[in-house]
Amino acid sequence: METTELIKLGDEKLFHTYNRYQIVLDKGDGVYLYDKNGKKYLDFGSGIAVFALGYNNKKYNDALKNQIDKLVHTSNYFYNEPAILAANELTKLSGLDRVFFTNSGTEAIEGAVKLAKKHYYLNHNNSCDGEIIAMNHSFHGRSMGALAVTGNAHYREAFGPMIPGVKFATFNDYESVEALVTDKTAAIILETVQGEGGVYPANKDFLLKVRELCDKKNILLILDEIQCGMGRTGTMFAYEQYGIKPDILTVAKALGCGVPVGAFLAKEEVAASLVPGDHGSTYGGNPFCAAAANAVLQIFKEDKILDNVNSVSKYLEDELQKLVDEYDVCLERRGKGLIQGLELSINPKDLIAKALDNGLILFSAGTNVIRFVPPLIISKDNVDEMITKLKKCL
């Protein structure tokens, strides 16, 4: 079908929950995407931090093709080799002990919240009044549980009442967190780098103090690295740069590089709180999705993806900083590794649309920030190309 016909049909048949650009993407190769008309786009969004390895990666494609010929799905009442191998690799990389595979980041958050609530229940005489402290301007997903810990009232207002016992502190303000702690506090949840909220990394002093507080008060620390994990900041997980470990970790997005797979991980003594019947997922960790995760983790090692992130990210930071110095509309650059934000004095909507016309895919974050989350395989030449296109729009 032609582009106009497809868009018309999509507008008639799909829920209008996205304001989609009038483009039908058709294929990808490396760091580029192509629409149905053959127009080429440099992708600095990677499907919102998903396609870490770029498009049409042969090793990744072959691994999935091989698994399709063997076994796509089986019930979790049976073991399957890809899930076991992926779990083993994730525990080694994270320093945590057990893994539960989900279909998405949102479901990983749901599982993490349930695990924290069950852990509190078992350690407080079967009490169900465990509370959770989350952060303002956070984003953890759009299901009811994930919404409840998402610190943006606009996302929640039409869907209340939320699950009770959630309080919101100010990100990077330790005193605001400490002030909310009570004997009922079961967990503190935060993104190591806030993505949707405007690309704000956690301050080291803040995160260290929160970890110390959790240890002192027997509170679980949940770190959401769905967007900032999987190598995006230059280490496999961003928390490694702070010298701490969470009690519960959530990952997704780049874990499957396009195949829907997420996970929550936990320390042994925490994971033991969930027993048969407490949690489940029909598709979570099926052989196909787990094979995708295995392929991604293997390619990260073989192709030295983290080395490339650390090599290119400083160059990207420097080039974005030059825009701040050169253009009055550019106020600040911030971020870690290959999750960067450029704060503007205007709403970035029109600028992003102009960039798209110029063959550059970008996304926003917060109300006035352009978010740069390219595939982790980008080169300095790709950064130069992006900057050239963006300058035309500026």
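Higher on the page you've got the structure.
Summarised in this report is the structure supplied together with it. Per chain, residue numbering runs from 1 following the sequence as it is written. Reporting of local features is limited, given that this is a predicted model, to residues whose pLDDT is at least 70; pairs of side-chain atoms are given and counted only at 80 or more, and all residues count toward the totals for whole chains, interfaces and linings. Working from all heavy atoms in the structure, the side-chain values ignore hydrogens and water.

1. Describing the state of the cysteines
Phase 1 of the analysis: Two cysteine sulfurs form a disulfide in these notes if their separation is within 2.5 Å. Tallied over the full model, the rule gives zero disulfides.
Phase 2 of the analysis: We note that cysteine 214 lacks a disulfide partner, and the nearest cysteine sulfur, in cysteine 228, lies 17 Å from it.
Phase 3 of the analysis: When accessible area is computed with a 1.4 Å probe and restricted to protein chains, residues below 20% of their type maximum are described as buried, those above 50% as exposed, and intermediate ones as partly exposed. Of the residues examined, cysteine 214 reaches a relative accessible area of 1% and is grouped as buried.
Phase 4 of the analysis: Among the cysteines around cysteine 257, which has no disulfide bond, cysteine 289 carries the closest sulfur, lying 13 Å off.
Phase 5 of the analysis: On the basis of relative accessibility, which here comes to 1%, the residue cysteine 257 falls in the buried class.

2. Here's the deal with the layout of surface pockets
Phase 1 of the analysis: The calculated volume of the second largest pocket comes to roughly 1100 Å³.
Phase 2 of the analysis: Every helix listed is a DSSP run of H or I at least four residues long, and every strand listed is a run of E at least two residues long, numbered separately from the N terminus. Looking at the lining of the second largest pocket, the elements with two or more residues in it are α4 (81-94), β4 (98-102) and β12 (262-266).
Phase 3 of the analysis: It is α4 that contributes the most residues to the lining of the second largest pocket, five residues altogether. Definitions used for this entry: grid spacing 1 Å over protein atoms alone; cavity, a set of points where a 1.4 Å probe fits but cannot get out; pocket, an open set with protein on both sides within 12 Å along at least 5 of 7 lines; lining residue, one with an atom within 4 Å of a point. Grid points are joined across faces, edges and corners, and a volume is the space filled by probe spheres set on the points.

3. A look at the pattern of salt bridges
Phase 1 of the analysis: Within this document, salt bridges are pairs made up of a side-chain nitrogen of Lys or Arg and a carboxyl oxygen of Asp or Glu, the two lying within 4 Å of each other. Under the criterion given, the structure shown has 20 salt bridges.
Phase 2 of the analysis: A salt bridge links glutamate 196 to arginine 371; the nearest nitrogen and oxygen atoms lie 3.1 Å apart. Of this pair, glutamate 196 sits in the loop between β8 (193-194) and β9 (200-201) while arginine 371 sits in strand β17 (residues 369-372); the two residues are 175 residues apart in sequence, bridging distant segments of the chain.
Phase 3 of the analysis: The partly exposed category is assigned to glutamate 196, whose relative accessible area is 22%.

4. Some details on helix α3 (residues 58-70)
Phase 1 of the analysis: Taking 1.5 Å of rise per residue, 13 residues should cover 18 Å, and α3 covers 19 Å from first to last C-alpha, within 8% of that figure.
Phase 2 of the analysis: When we look at burial in α3, the residues that qualify are Tyr60, Leu64 and Gln67. The buried residues of α3 all sit within an arc of 65° when viewed along its axis, so they share a single face. What points out from α3, more than 90 degrees from its buried face, is the exposed set Lys58, Lys65 and Asp69.
Phase 3 of the analysis: Summarising the contacts, the buried residues of α3 are in contact with α4 and α11 (287-302). Multiply 1.5 Å by the residue count of a helix minus one, and that product is the helix's expected span. Taking the helix axis as origin, the arc is that swept by the directions to the C-beta atoms. Two residues form a contact once any of their heavy atoms are found within 4.5 Å.

5. Focus: the packing of α3 against α11
If you want to describe how two helices pack, look at the angle between their axes and the distance between the axes.
Phase 1 of the analysis: Whenever a helix is involved, its axis is fitted only over the stretch in contact; in every case the axis is a line through C-alpha atoms, and angles between N-to-C directions fall within 0 to 180 degrees. Between α3 and α11, whose axes approach to 9 Å, the crossing angle comes to 150°. Relative to α11, the element α3 is oriented roughly antiparallel. Handedness of the crossing formed by α3 with α11: right-handed. From α3, Lys59, Tyr60, Ala63, Leu64, Gln67 and Ile68 reach across to α11, where they touch Pro287, Phe288, Ala291, Ala292, Ala295, Val296, Ile299 and Glu302.
Phase 2 of the analysis: All residues other than Ala, Val, Leu, Ile, Met, Phe, Trp, Tyr, Cys, Pro, Asp, Glu, Lys and Arg, Gly among them, are scored as polar; the first ten of these are nonpolar and the last four charged. Here the contact of α3 with α11 is built from residues that sort into eleven nonpolar, one polar and two charged. Roughly parallel means an angle under 35 degrees; roughly antiparallel, over 145; roughly perpendicular, 65 to 115; everything else is oblique. Crossing handedness follows the turn of the near helix against the far one: under a right angle anticlockwise gives a left-handed crossing, and clockwise gives a right-handed one.

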